[in-house]
Each structure stands twice: as structure tokens, then as C-alpha cells.
Amino acid sequence: MNIFVVNSGSSSLKYQLFRWPNEQPLCSGLVERIGSAQAEITHRVFDVQAPGPPAAEQRSTLAVPDYEAGLREVVRLLTDGPGAVIGAPAEVDVVGHRVVHGGEFFTGPTLVNAGVKAKIKELFGLAPLHNPANYQGIEVAERLFPGTRQVAVFDTAFHQTLPEYAFRYALPTALYTEQRIRKYGFHGTSHQYVADQATAYLQNPDARLITIHLGNGCSMAAVRGGRSLDTSMGFSPLAGLVMGTRSGDLDPSVLLHLLGPLGYTAEQVGTLLNKESGMLGLAGANDLRDVGRALAAGDARAARALDIYAYRIRQYIGAYAAVLNGLDALVFTAGVGENDALVRARACQDLEFFGLELDAARNEARTPGLRDISRPSSRVRILVIPTNEELEIARQCATL
Ligand code: ADP
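Calculation criteria
Residues numbered from 1 in each chain as written. Predicted model: local features only at pLDDT ≥ 70, side-chain atom pairs only at ≥ 80, totals over all residues. Heavy atoms only, no water. UniProt positions renumbered as here; feature names shortened; annotations may be inferred. Phe/Tyr/Trp six-rings, centres within 6.5 Å; stacked < 30°, edge-to-face > 60°. Helix = DSSP H or I, 4+ residues; strand = E, 2+ residues; numbered from the N terminus. Buried < 20%, exposed > 50% of the residue type's maximum accessible area, 1.4 Å probe, protein only. Lys NZ or Arg CZ within 6 Å of the ring centre and 35° of its normal. Contact = heavy atoms within 4.5 Å. Near = heavy atom within 4 Å. Polar contact = N/O pair within 3.5 Å; in protein donor to acceptor, adjacent residues only side chain to side chain. Areas by Shrake-Rupley, 256 points an atom, 1.4 Å probe, with all protein chains shown as cover. Nonpolar A, V, L, I, M, F, W, Y, C, P; charged D, E, K, R; others polar.

An unreviewed UniProt entry lists the protein chain under the name Acetate kinase, with Hymenobacter coccineus given as the organism. We quote the UniProt Function (unreviewed entry) comment for the protein chain here in full: "Catalyzes the formation of acetyl phosphate from acetate and ATP. Can also catalyze the reverse reaction."

Here is the structure:
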């Protein structure tokens, strides 16, 4: 079986083609700046005989007026020319789509039909930045892969196991029952993937885990026995940890103060909290590599920003150890979590009380794949697990 995974954004599209059952990636790629005369396409081909990073890469710059033109070009790359990996679109058996918001309708991977599409559309109001692009991705793929099954895998689905006392806000009940205002949580595909890997590594099907996804967006989850019990993002991906450009948790009165006495419009507040806050607002740089360089050069703003970033993670570790009534492993993943030894060290600092002992040398080592960076004496394992959301989407399609 060939499974084609598509992650559609408003101006970009990421894809990966897998061959099943051996989970072999055949190619992956990215179309950036859709809607411009100078869109960029990167197409990478894997060597089926030699597992590892892609063996070849093709880059092209061309006009891609809209999403359909972008996916059409990807289909051409898959089937034609030096980077071709299949003969025709009909050789794709399943197209798996990342869909950000599944609301309370979707708790797992779902075969797309007219009813499912209508529900995804109903959720545009809850995810105005993401679901419309994901929906369009499905419609275009239906045209370019006619007769191929389409599957939707939702970022929120993994967190649908949260108990009601964890997902409700203390607002008047009608805002939940009529307006669906509650915690949903995001990054579910990533939390599920690394939690499954950690559970297998620990050989404990009931493992109590705290998974920490630190990328541009950042979130944590409390996972027990493979079920999400709580997570730091909420009604939207703005809640919880300090992120690259998002504020994370905030007293709601700050918004009232911005909107009232300080004269901001709602749109300005949205831009402030989503695009100008987080590490960008605190340190002047949203990329943790830049923050690390500034810190090394003695920049006091960068030092304080990192203190705030790490403190928030440690607060959630404490909270989730309580949620789980104990802890078997912490799991770091995504761009920052997988690569930034300093952030990991700061996030694990002064937590001996919980039985967390980081091994400094293992933390600094850069071996690929799953790594245990705790000391042998540590009661809690500390793991670094590279996430792979595309593979997780493909697995869920295959299981379905
Ligand atoms: P996304 O949330 O968009 O999927 P990623 O998981 O790819 O993001 O993470 C991107 C972020 O990872 C970058 O903004 C950068 O801050 C961080 N990052 C990537 N590599 C490193 C590194 N070697 N050291 C520190 N941070 C890194």
C-alpha cells in the first residue's frame, strides 16, 4: 500500500509518501509561498535500499498561483522526471490529511465522506487559521487522486480522552454547551507518536509520561497508558507554554486592559499575542538558536527570556506529576526539545524532588533516534524522542 500524507497550510504544503507495511518513506517535500510567482518547491527522494536521510533533493522556483496548482506540481514530481517514485496517481492507495481541529466530533482517524467534510467546515469558526486550508487540501486531493480513499487525522483527537473536569473552563455552562468553549489541545499527533515510542521503550503499557513538544509552537501533555489526561494548549494553540511568538498563559484581564485603557483593537490584540509575544517579545528573537547565541554573548534579555521559558515548563511538570499521581518518564521532542541541550537542562533543573536526575554528558551527546539522557540512578527516565507526525498520520491511516 502507498500512503500519501499531506499537511496543508494557508500558503504552504508539506507531503510525504510511504510504502506499507514496512513504513518506508519514498519521498517527502514542501511547497512554500503558494500564491506567489516565486513559490519554492523542495522534493526529496529516499533510497529504498539504504534507510536513512533522503538520498537526493530537487529544488525549483516557479509560479504557483493557488493550492491546486501546488498539489498538481507535487503530483507531477511524484510521477514524472528524475524524482519520480510512482507511475501514476492511481498507485496512491490512501491520502492522509492533517486536520488541525476536530472539535468534539472526531476522536481518531476518519475516512472522509460528505458528512465528515461538512463537520470539518462547521469547525471553521473554532480554527479560522487552519481548518479552511486543511479542507481545501482534501477537496483538491479528491480531484487529483480520483477514487483514492482520503483520511483525516486531527491534531485535537488524541486529547479527546481528557476528563471533563480537565477540559472545562470555569465559565457559565452555556458557553460550553452552546458555544463549545472548552480546552481542546493540539499537537496531538506528535504527543501520541512520542508517547507510544516511550511506552514501548519503558516496556510498561501503563507508563505515566509527560510529553514536552517544543517547536515554534510548544505544548505539554500528561499521558497515562497511552491516553492524554491533560494538555497545556486550550481552546486555541495560544495557551500554556511560552512559544516562539505566542504568549502562552496570561491573566485574561491583561486582554481587557489592552482593549480598554490601552486602546488596542481585537485584531491588534490577536496579532500581539500570536505573532509578537513569546521569545520574540521577550528576547527579540523567536528562534531558540538565536536566543542561545545572544545568551552566549552575554545578552541579559536573552537570559531572562530563557528563565521564563524554562520556569513555565517546570511549573507544568509539577502540575502534571500531580495529574498523573507520579511519573515514569519525561519526553522531549520537536525542534527545540530534540536539539537544545540547554533548554532541556534548565527545564529539568531543581526537580530532584520528583526523582529527576539529568545526565549532563548524555544530554549534550548528539546521537540520532531515541535517547535516554537520565542518570542510571534517576527514578524518572528523561528521554529525547524525535517526533514524526507524518509517519504517525500514515500509521493511523494504515490502522484504519
Ligand atoms: P514546528 O513547531 O513549526 O513544527 P519545529 O519542531 O520544526 O517547529 O521547531 C522549530 C524550532 O526549533 C525553531 O524555531 C528553532 O527555535 C528550534 N530549533 C531547531 N533546531 C535547533 C537547534 N539546533 N537548537 C535549538 N533550537 C533549534
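Resuming the write-up.
So, about the packing of aromatic side chains. Enumeration over the complete set of coordinates arrives at 10 aromatic pairs. With 6.0 Å between their ring centres and 40° between their planes, Phe 4 and Tyr 15 make a pair best called tilted. Of this pair, Phe 4 sits in strand 1 (residues 2-8) while Tyr 15 sits in strand 2 (residues 13-19); the two residues are 11 residues apart in sequence, bridging distant segments of the chain. For Tyr 15, a relative accessible area of 2% corresponds to the buried category. Look at Tyr 316 and Tyr 320: their rings are 5.6 Å apart centre to centre, the planes differ by 65°, and that puts the pair in the edge-to-face class. One end of the pair is Tyr 316 and the other is Tyr 320, both in helix 11 (residues 300-324) and four residues apart, which spans about a single turn. Taking the ring centre of Phe 167 as reference, the NZ or CZ of Arg 182 above it sits at 3.6 Å.

In this section: the UniProt feature "active site" (unreviewed entry) in the protein chain. Taking the numbering used here, the UniProt-annotated feature "active site" (unreviewed entry) corresponds to Asp 155. Relative to the helices and strands, Asp 155 is located in the loop between strand 8 (149-154) and helix 4 (164-167). Aside from chain neighbours lying at most four places away, what touches Asp 155 is Arg 98, Val 99, Val 100, Gly 185, Phe 186, His 187, Gly 188 and Thr 189.

This paragraph deals with the site of the ligand. The full set of residues close to the ligand is Gly 215, Asn 216, Gly 217, Asp 287, Leu 288, Arg 289, Ala 334, Gly 335, Val 336, Asn 339 and Asp 340. Residue Asn 216 places a side-chain N or O atom 2.8 Å away from an oxygen atom belonging to the ligand. Within the backbone of Val 336, a nitrogen or oxygen atom sits 3.4 Å from an oxygen atom of the ligand. The protein chains hide 70% of the 580 Å² of surface that the ligand would expose on its own. Those elements that place two or more of their residues in the shell around the ligand are helix 10 (288-296) and helix 12 (334-339). For the shell around the ligand, the element with the highest residue contribution is helix 12, accounting for four residues. Grouping the amino acids of the shell around the ligand by side-chain chemistry returns three nonpolar, five polar and three charged.

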